[in-house]
Amino acid sequence: MAARLHCQRPMFDAIGSQLERYLDLLSVRQKLVSSNIANADTPGYKTKDIDFHFEFMSQVADARPQVIEPEGLTVKNDGNNVSLDREARLLAENAMRFNFASSLLRSHIRVLRSAIQEGRNG
Amino acid sequence: MSLFSVLSVSASGMAAQRTRAQLLVENMANAETTRTPEGGPYRRKDAVFASEPQSSPFSSVFQRELGPVATGVRVAEVVQDTREPEKRYLPGHPDADADGYVSFPRLNPAEEMVDLMGAARGYQANVAAMSAIKDMIHRSIELLR
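Rules behind the numbers
Residues numbered from 1 in each chain as written. Chains lettered and ligands numbered in written order. Predicted model: local features only at pLDDT ≥ 70, side-chain atom pairs only at ≥ 80, totals over all residues. Heavy atoms only, no water. Helix = DSSP H or I, 4+ residues; strand = E, 2+ residues; numbered from the N terminus. Buried < 20%, exposed > 50% of the residue type's maximum accessible area, 1.4 Å probe, protein only. Contact = heavy atoms within 4.5 Å. Areas by Shrake-Rupley, 256 points an atom, 1.4 Å probe, with all protein chains shown as cover. 1 Å grid on protein atoms, 1.4 Å probe; cavity = no way out; pocket = protein on both sides within 12 Å on 5 of 7 lines; lining within 4 Å. Points joined across faces, edges and corners; volume = space filled by probe spheres on them. Nonpolar A, V, L, I, M, F, W, Y, C, P; charged D, E, K, R; others polar. Core = buried A, V, L, I, M, F, W, Y, C linked by side-chain atoms within 4.5 Å. pLDDT = per-residue confidence, 0-100.

(A) Local environment of the overall build of chain A. Along chain A, the regular secondary structure elements total four helices and two strands. Seen in sequence order, chain A has helices and strands lined up from the N terminus as α-α-β-α-β-α. When each of the 122 residues of chain A is scored for burial, the buried share is 43%. A separation threshold of at least 6 residues defines the contact pool for chain A, and within that pool the share at least 24 residues apart is 64%. Looking at chain A as shown, the accessible area adds up to about 6,900 Å², and 57% of this sits on carbon and sulfur atoms.

This is the structure in structure tokens:
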């Protein structure tokens, strides 16, 4: 998020900034998944999602992700098309991806930090 | 951190499902109630959900910067069943009418049970979402250590 608010001077190099954007997109997606789960019984509510692959590949760092309504889901009698199974899968998948990416970013930060500290000692 | 606003989305889902479960249990408890303060037999109640954008005054400006607004849920209204009560022939009953018929609530315990299971499952799904979000927030905080 910091990268998007102050995108003139990123704190990290290319890999760090990409990871940051990845985490950012994952949290946006998780937000939509939670909204879908909360509205699983709301009449007329349509499932919301982002085109994850497209968003990550697009290089525009400060663009807002486009919310889409995925098609091909079964619409219930009340006009709601939330599939709890789909949302549960996405919830778990996003959490795992986030875990993985945050571990990567953490080790990235550790490298930065050790560079700073070693410089001070020497 | 937009993740914090997601917690309130899941919380709104939990609150809505809990209200619904409360009404369903109330319906089952009153399956045979023939007297109410409004007069007549008990009438089945149900919750109507409506989606609602979640934003606290503090974070509304911040959230505008952070992409799509999270959509929570709320109980828009509680509706009462308007169907005619079920008439049973019980001449000895104190609430029987002139012809010996008693008005009982028109509700089906099996239907209530199925709805209750749906509410419980919805509640569980919201709890799972909340713990996943909590885990993500925790991971983000660990980046600082």
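(B) View of empty space enclosed by the protein. Residue and element names in this part refer to chain B. Throughout the structure, instances matching the rule amount to one cavity of 30 Å³ or more. If you add up the space inside the largest cavity, you get close to 40 Å³. Every residue lining the largest cavity is listed: Tyr42, Arg43, Arg44, Asp81, Arg83, Pro85, Pro105 and Arg106. Its residues placed into classes, the lining of the largest cavity shows three nonpolar, no polar and five charged.

(C) Local environment of the nonpolar core. Membership of the largest hydrophobic core comes to 19 residues, with the highest contact counts inside it found for Ile50, Phe52, Phe98 and Leu105 of chain A together with Leu3 of chain B. Mapped by element, the contributors of at least two residues to this core are α2 (14-38) and α4 (84-121) of chain A together with α1 (2-29) and α3 (109-142) of chain B. No other element matches α2 of chain A, which puts seven residues into this core. Core analysis: the next-biggest nonpolar cluster, separate from the first, contains 12 residues, Tyr45, Val82, Leu84 and Leu90 of chain A among them.

(D) A look at the confidence of the model for chain A. Residue and element names in this part refer to chain A. Of the residues in chain A, 84% reach a pLDDT of 70 or more, and the chain-wide mean stands at 82. Of all the helices and strands in chain A, helix α1 (residues 2-5) carries the lowest mean pLDDT, 45, while α4 carries the highest, 89. Contacts for the low-pLDDT stretch residues 1-8, under 50 throughout, to residues beyond four places or in other chains number 19 contacts.

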